[in-house]
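Inside the fold
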Amino acid sequence: MPLPYYVSPEQMMQDKAEYAKKGIAKGRSIIAVEYQDGILLVADNPSASLYKISEIYDSIAFSGAGKYSEFENLRKAGIRHADLKGFMYSREDVTGRSLANGYSQTLGTIFSQELKPLEVEILVVQVGETDRPNEMYRISFDGSIFDERGFAVIGGRSEALQAFLKERYKADESSLKATLTLCTAALENITSQKLPLEGLEVAALDRHRVGRKFRRIPIAESRQILT
Amino acid sequence: MSSFHTFPEHDGSSFFDYLLHHRPDLMPANRDWNGEAGPLSDPNGPHRIPSLPHGTTVLAIKYRNGVVIAGDRRATEGFQIAGRQMEKVFKVDGYSAMAIAGTAGPAIEMVKLFQTELEHYEKLEGVQLSYEGKANKLGQMIKANLPMVFHGLVVIPIYVGYDHRRNEGRIFKYDVTGGRYEESEYHAIGSGGKDARNTIREHYRKSLSEDDSLKLALLSLYNAADEDVGTGGPDLIRGIYPTAKVVTEAGIADVGDERIAALYTELITERKKER
């Protein structure tokens, strides 16, 4: 029996990470920014029906970058988890933190045990009710989880976006208009081209809404906000 | 957290099916009541569950812009009043509502499951189910409850909603086997259902206004409470009134307590004059 080739664990992890990073770098970017009424999510997405941003539960939204089939599966698993928990206990017991932990576990397990890691990076964001702060979790392909403040970025060219936003994001200038302008400017800056509004997917978690806080902002409304 | 360890083979958009395959312990009808089903013909059978709270008269009436759905607040356990403030009319999603008659516990659980089902589908698929699709799904859920019927745990709803494809409000009634029947004008169920239907039949006209249909709904509940011990009338001392909702093209709206109280005051004043 021939001996299997020996590959050191370090080498194997490095190869997997490189593979996953390459896959994610090919994808477009998504930004989540805290604004005065909650959290705004903007994705560079030319499709009007294949969403990258989605509602998970009352105050929780999900967004995925990288391979569509993979983050779509994660999105569905998240909705099932949230709906089951809300049905078993109560709606207020469904939290972004527990969801983010679940995603982190899944991605971590797949990264270390499967031959092929998932080529995805995801965001789980939860808008806080009046007295509670917002929560934004970024989870990367290997399951590592980051607790973000102010803004979070996933997808290709996320470092450049991060730098751009770090320079310009001001917590006290956070009307919907200012925030949406900032997001489009950031996406245009890294793609170095004018992005038509048709190519953007925009959604918000608005803490002033009753019940389900997630809402998509259609192109016509985005245009109106920006003028 | 089981749904996270591996991606589930289950790939549908139904929460009901998801529970059925992954958490059958949470399914209303799958609970083990520890015994052979006591047939209906043997009401004193060992496994028939004794007096549980029951809901009573609920009704729906179509009007010009949609449907009004209303119900009384009384729950009874045998000859005792189990509750005076029970809510029997529920918002299911943005465009539909249901009212329940039968055993309160399983009925409320069915409402919760149905609400989750519709929201779950909408989130997974990115679009809402059609009204027809929602009504059919509810029928399947009632059918799944059939084993419980043999234990005396009957749940029967009326389901109303606004159908945007047809541009009209619609009313569906059900039987215990999940049979689904559309009513084109009005319907009432529960122990006082027949009395309520009698009143509606006398006064119903096509294209009622919202106010008139609401008045008719409240009058019918009043008359049902007059005839049926299981139905509660307006409780003027405690300030407890039947609840109602209206479903129109714009969605569901609660009818406020003040408006209902005012309509009842008007109705009672008229009644007194007539005597």
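Before going into details, it helps to say that this report is about the structure given with it.

What counts, and where the lines are drawn
Residues numbered from 1 in each chain as written. Chains lettered and ligands numbered in written order. Predicted model: local features only at pLDDT ≥ 70, side-chain atom pairs only at ≥ 80, totals over all residues. Heavy atoms only, no water. Helix = DSSP H or I, 4+ residues; strand = E, 2+ residues; numbered from the N terminus. Rg over C-alpha atoms; globule rule 2.2 N^0.38 Å. Buried < 20%, exposed > 50% of the residue type's maximum accessible area, 1.4 Å probe, protein only. Contact = heavy atoms within 4.5 Å. Areas by Shrake-Rupley, 256 points an atom, 1.4 Å probe, with all protein chains shown as cover. Axes fitted to C-alpha atoms, helices over the stretch in contact; angles between N-to-C directions. Parallel < 35°, antiparallel > 145°, perpendicular 65-115°, else oblique. Nonpolar A, V, L, I, M, F, W, Y, C, P; charged D, E, K, R; others polar. Salt bridge = Lys/Arg side-chain N within 4 Å of Asp/Glu carboxyl O.

Looking only at helices and strands, chain A has six helices and 10 strands in total. The C-alpha atoms of chain A give a radius of gyration of 18 Å, which matches the 17 Å a tight globule of 227 residues would have. In terms of principal-axis extent, the alpha carbons of chain A reach across some 70 × 50 × 30 Å. Residue burial in chain A is summarised as follows: out of 227 residues, 54% are buried. In chain A, once contacts between residues fewer than 6 apart in sequence are set aside, the share between residues at least 24 apart is 65%. Of the roughly 11,100 Å² of accessible surface on chain A, 53% is carried by carbon and sulfur atoms.

Let us now look at the packing of helix α2 (residues 15–22) of chain B against helix α3 (residues 104–125) of chain B. Helix-helix packing is characterised by the crossing angle of the two axes and by the distance between the axes. Residue and element names in this part refer to chain B. In the contact formed by α2 and α3, the axes pass within 8 Å of each other and the chain directions differ by 110°. The angle between α2 and α3 falls in the class roughly perpendicular. In this structure, α2 uses F15, F16 and L19 to contact α3, whose residues at the interface are L113, T116, E117 and H120. Taken together, the residues of the contact of α2 with α3 break down into four nonpolar, two polar and one charged.

Glancing now at the pattern of salt bridges. Oppositely charged side chains may form a pair once their charged atoms are brought near each other. Considering all chains together, one arrives at 38 salt bridges over all chains under this definition. Here K116 of chain A and E119 of chain A are joined by a salt bridge, their closest N and O atoms 2.9 Å apart. The class for K116 of chain A is partly exposed, based on a relative accessible area of 32%. Under the relative-accessibility criterion, E119 of chain A is labelled buried at 8%. With a shortest N-O distance of 2.6 Å, R138 of chain A and E148 of chain A are connected by a salt bridge. On the criterion of sequence distance, the pair formed by R138 of chain A in strand β6 (residues 135–139) and E148 of chain A in strand β7 (residues 145–148) is long-range, its members being 10 residues apart. Comparing R138 of chain A with E148 of chain A shows no difference in burial state: the two are buried. In the salt-bridge network here, residues are joined through shared partners; they are K62, E132, D163, R166, E168, R170, R180 and E182 of chain B.

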